[in-house]
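Below are the chains, spelled out letter by letter.
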Amino acid sequence: MVARQSTLTPYRALVFAATVYTVASWIFLLDNNLLSQADRFQESDYIMTFYVAGHLAANGRSAELYPESDARSFIDSPFDKAAHALLPHLPKTTTGAYMYIPLVAGFFAPFSFVGPNLSLFFWQTLSVLALAVCCLLLSRLNALKTSDAFFLSFLYAPVFLTLWAGQLGLGLGLLPLAIGYFLLIKERTLTAGLVWSLLLLKPQYFFAAAFVSLACAVAGRYRTFFAMSLGSLLLVGLTIVVFSPSVTMQWLLSHKVSDAYFFEGLQGITSHLITGLPANLMILLPVDERRAVKLPLYAVAALAWFLGLWFCAKFRKTQWPQSAQISLAFVVGLILSALTMPHLLYYDLCVLLPAGFLLLAKNGPLPTDRVLRFIGASGWIAVSAFLPLLLTFTEYKILPLLLEIILLSLFLILLWNLNRRFRLVTRAVTE
């Protein structure tokens, strides 16, 4: 008998490398958070924001979550003072700021019953589990092994940065986004809309889901849009009941301070990690010139969403199955979120992860196409390759804009390719 020789294909080699990198990144995060850099991690997004917010909510101090209604800065706000009082190793020059709905603070209240670094570890663990569930659901739709999808996702750099900072993108962003998409493909439209309403807790992911639900409504399928709207209203109502109308109003009024935080130079912001075309263009201008261009840039961004909706509506005339049309709208909405959202940071590009899997899939809901796979691979590589550049050359504000221009170029290629397919299909139908 001749022994069968096993060959290591390039794909299996990539998965093996991704597995090694994943385990190494876990060890690195565990060591830095709990051992070698424990004090410095008090400046992480999670500890100085969500851990503090959970502590305030757990101790009946929700009124300190937001600045006063006439404030123009988070500096010396009640939350900033509470953060420095709670975290002795937080540098005095660091400003504590909380910009989310009060329900997020309530969600993290139990996490404040342990020390800050251990609390971060618990949240990182839950975020990894959330990513695993996302990969499980997406793999069921594109015939990819769940373990492969899970380990390959760690090669997408925003995933690592999200875990490092303890941000919400995996647990409160990708998880409800992926669950809602999976349920919508399975035609559980009402449940999908209700799950997607939870994205109000992580609004950077909300608009992609709202775009899909609106695209379904334009096609005459209103249930998802209705359920998402109802769920959002219920969450706001729950906020009013649990945290009081005054705290809810403080949250709404704090958005003008959040805008100043990003664009008016009133306090420090990691501008080298800001993404989204409107923001990347504004931060290149002097502070006193940004207000004049803000509304025009936002108007162009809104127009892009309407054009995307019109583009997706065209495909109702094709013979594409409903799952393919939903997936098309999902991918377009995800990319538009990465391109146009104003308060987006690099780790929020995790929103593109499902789009990458759908575009790269050979047996997914979207039609198989080399161009689509090229777009998915190029976007994945570009976003990941830019992280070391952004962290090294922090003074070059043009770098995030270059990344967005690359993503915009890939998006235009995607629209061109899909439009070409649309013309071919409609021509075949008419003939």
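Residues numbered from 1 in each chain as written. Predicted model: local features only at pLDDT ≥ 70, side-chain atom pairs only at ≥ 80, totals over all residues. Heavy atoms only, no water.

(A) Representation of the overall build of the protein chain in the model. Looking only at helices and strands, the protein chain has 18 helices and 2 strands in total. Taking 2.2 N^0.38 as the reference for a compact globule, 431 residues should give roughly 22 Å; the C-alpha atoms of the protein chain span a radius of gyration of 22 Å, in line with that estimate. Each of the three principal axes of the protein chain carries a C-alpha extent, and together these read 70 × 60 × 40 Å. Buried positions account for 54% of the 431 residues belonging to the protein chain. (Helix = DSSP H or I, 4+ residues; strand = E, 2+ residues; numbered from the N terminus. Rg over C-alpha atoms; globule rule 2.2 N^0.38 Å. Buried < 20%, exposed > 50% of the residue type's maximum accessible area, 1.4 Å probe, protein only.)

(B) Highlighting the packing of aromatic side chains. In this structure the tally under the stated criterion is 29 aromatic pairs. Put simply, the rings of Tyr46, Phe50, Tyr66, Phe79, Tyr98, Tyr100, Phe107, Phe108, Phe111 and Trp123 touch in pairs and so form one group of aromatic residues. When the ring centre of Trp416 is taken as origin, the NZ or CZ atom of Arg420, which lies over that ring, is 5.6 Å away. (Phe/Tyr/Trp six-rings, centres within 6.5 Å; stacked < 30°, edge-to-face > 60°. Lys NZ or Arg CZ within 6 Å of the ring centre and 35° of its normal.)

(C) Fine view of the nonpolar core. Formed by 135 residues in total, the largest nonpolar core has its most connected members in Tyr98, Leu177, Trp196 and Tyr346. With 12 residues, the top contributor of residues to this core is helix H15 (residues 322-340). Setting aside anything within four residues of it in sequence, one finds Trp196 in contact with Pro176, Leu177, Gly180, Tyr181, Leu184, Phe206, Ala209, Val212, Ser213, Thr224, Met228 and Phe330. (Core = buried A, V, L, I, M, F, W, Y, C linked by side-chain atoms within 4.5 Å. Contact = heavy atoms within 4.5 Å.)

(D) View of the pattern of salt bridges. Under the criterion given, the structure shown has 3 salt bridges. Ionic pairing is found between Asp148 and Arg12, a salt bridge with its closest N-O pair at 2.8 Å. Residue Asp148 is located in helix H6 (residues 146-153), and its partner Arg12 is located in helix H1 (residues 10-36); the two are separated by 136 residues in the primary sequence. Between Glu64 and Arg61 there is a salt bridge, with the nearest N and O atoms lying 2.9 Å from each other. Classification of Glu64 by relative accessible area gives partly exposed; the value is 24%. (Salt bridge = Lys/Arg side-chain N within 4 Å of Asp/Glu carboxyl O.)

(E) Fine view of the packing of helix H10 (residues 206-218) against H15. At a closest axis distance of 8 Å, the pairing of H10 and H15 adopts a crossing angle of 145°. In the packing of H10 onto H15, the handedness of the crossing is right-handed. Residue-level contacts link Phe207, Ala208, Phe211, Val212, Ala215 and Cys216 of H10 to Ile326, Ala329, Phe330, Val332, Gly333, Leu334, Leu336 and Ser337 of H15. Of the residues belonging to the contact of H10 with H15, the class tally is 12 nonpolar, 2 polar and no charged. (Axes fitted to C-alpha atoms, helices over the stretch in contact; angles between N-to-C directions. Left-handed = near helix turned anticlockwise from the far one by under 90°. Nonpolar A, V, L, I, M, F, W, Y, C, P; charged D, E, K, R; others polar.)

(F) Just the state of the cysteines, in detail. Enumeration according to the criterion identifies 0 disulfides in this entry. With no disulfide of its own, Cys135 lies closest to Cys134 among cysteine sulfurs, the gap being 6.7 Å. Here Cys135 falls in the buried class, since its relative accessible area comes to 1%. Cys312 takes part in no disulfide bond, and the closest cysteine sulfur, belonging to Cys216, lies 9.8 Å away. Of the residues examined, Cys312 reaches a relative accessible area of 8% and is grouped as buried. (Disulfide = S-S within 2.5 Å.)

(G) Structural context of the environment of Leu200. Secondary-structure assignment places Leu200 in the loop between helix H9 (189-197) and H10. Residue Leu200 is classed as buried on the basis of its relative accessible area, which comes to 17%. When the C-alpha positions of Leu200 and Met228 are compared, they lie 10.0 Å apart, and in sequence the two are 28 residues distant. Ignoring any residue separated from it by four or fewer positions in sequence, one finds Leu200 in contact with Ile101, Phe206, Ser232, Leu235 and Val236.

(H) Representation of the side chain of His272. For His272, the position within the fold is in the loop between helix H12 (255-263) and strand E1 (274-275). Taking relative accessible area as the criterion, His272 reaches 13% and is therefore assigned buried. In contact with His272, not counting residues within four places along its chain, are Leu390, Thr394 and Pro400.

(I) Region of interest: a nonpolar patch on the surface. On the surface, Leu281, Leu284, Leu389, Phe393, Tyr396, Ile398, Leu402 and Ile405 cluster together to form a nonpolar patch covering roughly 650 Å² of accessible area. Of the residues forming the nonpolar patch, the biggest block, 3 residues, is contributed by helix H18 (residues 398-430). Assignment of secondary structure puts Phe393 in the loop between helix H17 (370-392) and H18. Overall, Phe393 belongs to the partly exposed group, its relative accessible area being 37%. (Patch = residues over 30% accessible without salt bridge, like charges linked within 9 Å, V, L, I, M, F, W, Y side chains within 5 Å. Areas by Shrake-Rupley, 256 points an atom, 1.4 Å probe, with all protein chains shown as cover.)

(J) Quick look at the packing of helix H8 (residues 169-185) against H9. Where H8 meets H9, the closest approach of the two axes is 8 Å, and the angle between their N-to-C directions is 170°. One element, H8, and the other, H9, form an angle in the roughly antiparallel class. Listed contacts from H9 to Pro176, Leu177, Ile179, Gly180, Tyr181, Leu183 and Leu184 of H8 are Thr189, Thr191, Ala192, Val195 and Trp196. Within the contact of H8 with H9, the residues separate by chemical class into 9 nonpolar, 3 polar and no charged. (Parallel < 35°, antiparallel > 145°, perpendicular 65-115°, else oblique.)

(K) Region of interest: unusual backbone geometry. Non-glycine residue Asp76 carries a positive phi angle of around 60°. Mapped onto the secondary structure, Asp76 falls in the loop between helix H2 (45-58) and helix H3 (78-86). On the basis of relative accessibility, which here comes to 54%, the residue Asp76 falls in the exposed class. The backbone of Ala143 shows a phi angle near 60°, a positive value even though the residue is not glycine. You can see Ala143 is positioned in the loop between helix H5 (116-142) and H6.

(L) Up close: H2. For H2, built from 14 residues, the straight-helix expectation of 20 Å at 1.5 Å per residue is met to within 8% by its first-to-last C-alpha distance of 19 Å. Of all 14 residues that make up H2, 12 are buried, and the element is covered over most of its length. Among all positions of H2, only Tyr46, Ile47, Met48, Thr49, Phe50, Tyr51, Val52, Ala53, Gly54, His55, Leu56 and Ala57 are buried. Where H2 is buried, its residues meet H3, helix H4 (102-107), H5, helix H7 (157-165) and helix H11 (223-253). Looking one or two places after H2, you find Gly60, whose phi comes out positive at around 65°. (Expected span 1.5 Å × (residues − 1).)

That's the geometry; what it means functionally is another story.
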